2 protein chains.
Amino acid sequence: MASFGDRVIGRMRELKHPLCVGLDPYLGRIPAPFRRGTMEPREPETAQAVEEFCLRAVDLIARDVAIIKPQASLFERLGWRGWQVLERVIQHAQASGLLVLLDAKRGDIAETARGYAQAYLSPEAPCGVDAMTVNPYLGPESIAPFVEEAQRSERGVVVLVRNSNLDSSSYQSVETPAGPFFSVVASSLARWQARLPGQSTGWSSLGVTVAATHAGDTERIRLALPRALFLVLGYGAQGASAIDAVRGFEHGPAGLEGGMVNSSRPILFPTAASDSSAKAWEQSVRDALERATHELGAAVA
Amino acid sequence: MASFGDRVIGRMRELKHPLCVGLDPYLGRIPAPFRRGTMEPREPETAQAVEEFCLRAVDLIARDVAIIKPQASLFERLGWRGWQVLERVIQHAQASGLLVLLDAKRGDIAETARGYAQAYLSPEAPCGVDAMTVNPYLGPESIAPFVEEAQRSERGVVVLVRNSNLDSSSYQSVETPAGPFFSVVASSLARWQARLPGQSTGWSSLGVTVAATHAGDTERIRLALPRALFLVLGYGAQGASAIDAVRGFEHGPAGLEGGMVNSSRPILFPTAASDSSAKAWEQSVRDALERATHELGAAVA
């Protein structure tokens, strides 16, 4: 099997756009036709509603995007039934040809971090995904167990470096003798970029988050990590343009490449209304997908 | 109901020691009498083995400590069955009189962070605990949803500030104009300390991690957060002494107080052998518990 970096870039070259669709099943936004019972998080019917919604969302987008990013917290808040749903949604997405990046933002040390890595990245993972997001606060070596499990299974690790919410700058942009704090983190990850090298495309299976809303910082991160995949946050809902979203991308055989540009709510919940019909919701998702892939496709062309 | 800070300090005053027992069911260390089948993570029998081990561990320690700290990753790696086990273990611990601090190290922003908070802290949480650990990398405001849910339910939030692994210093001790990076994080949490005030004991339901292995840093964190509970890491297995573990504690009616001193492997896995009999394991746990409570009791007396 090709590495994660090669698989995601390979598929994006075919599709000619870098969109990643965030799968965030907010209970309050799930459209009326999928709703069941009270939608109280602990009810079995709620888990069923989330499952049906997610499976339908996967079917609607599977042919047109390379990768989806399910948000772990919104499954986790349903208790153990939410984990059953997440496992089924991941299996269905992968069977439909999608890559899956689990947005779990896990982080711990040594054998405890390995527990998280084994849950999602190892060949024997009960909830195996193509890549997962990891929080580096406990130090650069805390990433090692994730990289080691990813290496065994040709999977990927996406480390939080720069985030798109304004408040993240309170920590990430603090000045240090080596530059802003996020650049200290980025530089320390070079060892993991090298441990997960690309083969056919040259792109590492190590990813890092960058913020389209702080596009100047993105270029600094690209200098520190020339072969890391970017998970670009802040495009769409948070107001960043497609041009800002592809900062730090590089010329490849099918246009600019080197990252996944995430959009969540604007694709699956293009209107605030949860009372739309199934047909109206499906059409609005298809329209939103078309707009985003067209706009991002133009930015990388 | 009393707040988390009052409950944990109140119970520690009765017991006259600040020990918190980490509940880390490493599959390779679970003693022979509890082992079932292949112990492969996805097998239902493995989840059953972990459940029986954890329930017995709870029974062995429930009368003698205030609080336990289950490690989420080691349940999560078993897939959805692990979450079922975690929910049952938490219920059993609480029914046995223990407080439960879930070591989940979750962190995200806005509505996504709220998903995690609702999973564990809200009154309607499917897996309600007395407190949970949270990772602050995404900014001080990313803690808000956890604090808000904790406030509604008199629960607690323990934020990672300083960790005990050597490598965490690569980020946490980086110098900034306002002092080392961990002190920037600590100072920014004062707002949350104030939002979760103590009533009968004066201790906030906001906690922060401190490292007994970096006891000098602990005093700096106490200055920034005079009423925050400490979750003290690094005592025992990582070599810090009981005296270093209670740095930053303050005089209370029953001795020094103001934090929970965690010990995980030295209590539940006092020997490396997983082939001991149930009786031998139980006796070694009781002995290890006695030693740790005696030593910590002397340090706070």
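Refer to the structure above for everything that follows.
A short tour of the structure in this document, coming up. (Residues numbered from 1 in each chain as written. Chains lettered and ligands numbered in written order. Predicted model: local features only at pLDDT ≥ 70, side-chain atom pairs only at ≥ 80, totals over all residues.)

## Regarding the packing of helix 2 (residues 44–61) of chain B against helix 4 (residues 80–95) of chain B
Residues and elements named next belong to chain B.
Next up, step 1: One can describe the packing of helix 2 onto helix 4 by two numbers: an axis separation of 10 Å at closest approach and a directional angle of 15 degrees. Judged by the inter-axis angle, helix 2 sits roughly parallel to helix 4. Crossing hand, helix 2 versus helix 4: right-handed. From helix 2, P44, A47, V50, E51, C54, L55 and V58 reach across to helix 4, where they touch R81, G82, V85, R88, V89, H92 and A93.
Next up, step 2: Its residues placed into classes, the contact of helix 2 with helix 4 shows nine nonpolar, two polar and three charged. (Axes fitted to C-alpha atoms, helices over the stretch in contact; angles between N-to-C directions. Helix = DSSP H or I, 4+ residues; strand = E, 2+ residues; numbered from the N terminus. Parallel < 35°, antiparallel > 145°, perpendicular 65-115°, else oblique. Left-handed = near helix turned anticlockwise from the far one by under 90°. Contact = placed C-beta atoms within 7 Å. Nonpolar A, V, L, I, M, F, W, Y, C, P; charged D, E, K, R; others polar.)

## With respect to the pairing of strand 3 (residues 99–106) of chain B
All names here are of chain B.
Next up, step 1: Burial analysis of strand 3 places eight of its eight residues in the buried class, which makes it a mostly covered element.
Next up, step 2: In strand 3, alternate side chains face the same way, and those of L99, L101, D103 and K105 on one face and V100, L102, A104 and R106 on the other are all buried.
Next up, step 3: The sheet contact formed by strand 2 (residues 67–70) and strand 3 spans two bridges and is parallel. Pairing of I67 across the sheet is with L99, part of strand 3.
Next up, step 4: Pairing of strand 3 with strand 4 (residues 131–134) involves three bridges; the strand directions are parallel. Paired with L101 across the strands is A131, a residue of strand 4. (Buried ≥ 20, exposed ≤ 12 C-beta atoms within 10 Å, placed from the backbone. Pairing = 2+ DSSP bridges.)

## Regarding the relation of the copies chain A and chain B
Next up, step 1: The transform that puts chain A on chain B rotates by 180 degrees and translates by 0.0 Å along the axis, for an RMSD of 0.0 Å. The superposition of one copy onto the other is thereby described by a two-fold rotation axis.
Next up, step 2: A high fraction, 100%, of the interface residues of chain A reappear at the interface in chain B, so the copies pair face to face through one surface. (Least-squares fit on C-alpha atoms with pLDDT ≥ 70 in both.)

## Some details on the interface of chain A and chain B
Next up, step 1: The interface is formed by 49 residues belonging to chain A together with 49 residues belonging to chain B.
Next up, step 2: Broken down by secondary-structure element, the contributors of at least two residues to the side of chain A that touches chain B are helix 3 (72–76), helix 4 (80–95), helix 5 (110–120), helix 7 (169–172), strand 6 (175–176) and helix 8 (181–188) of chain A.
Next up, step 3: Examining the composition of the side of chain A that touches chain B, we find that six residues originate from one element, helix 5 of chain A, more than from any other.
Next up, step 4: Here the residues of the side of chain A that touches chain B are counted per class, giving 21 nonpolar, 17 polar and eleven charged.

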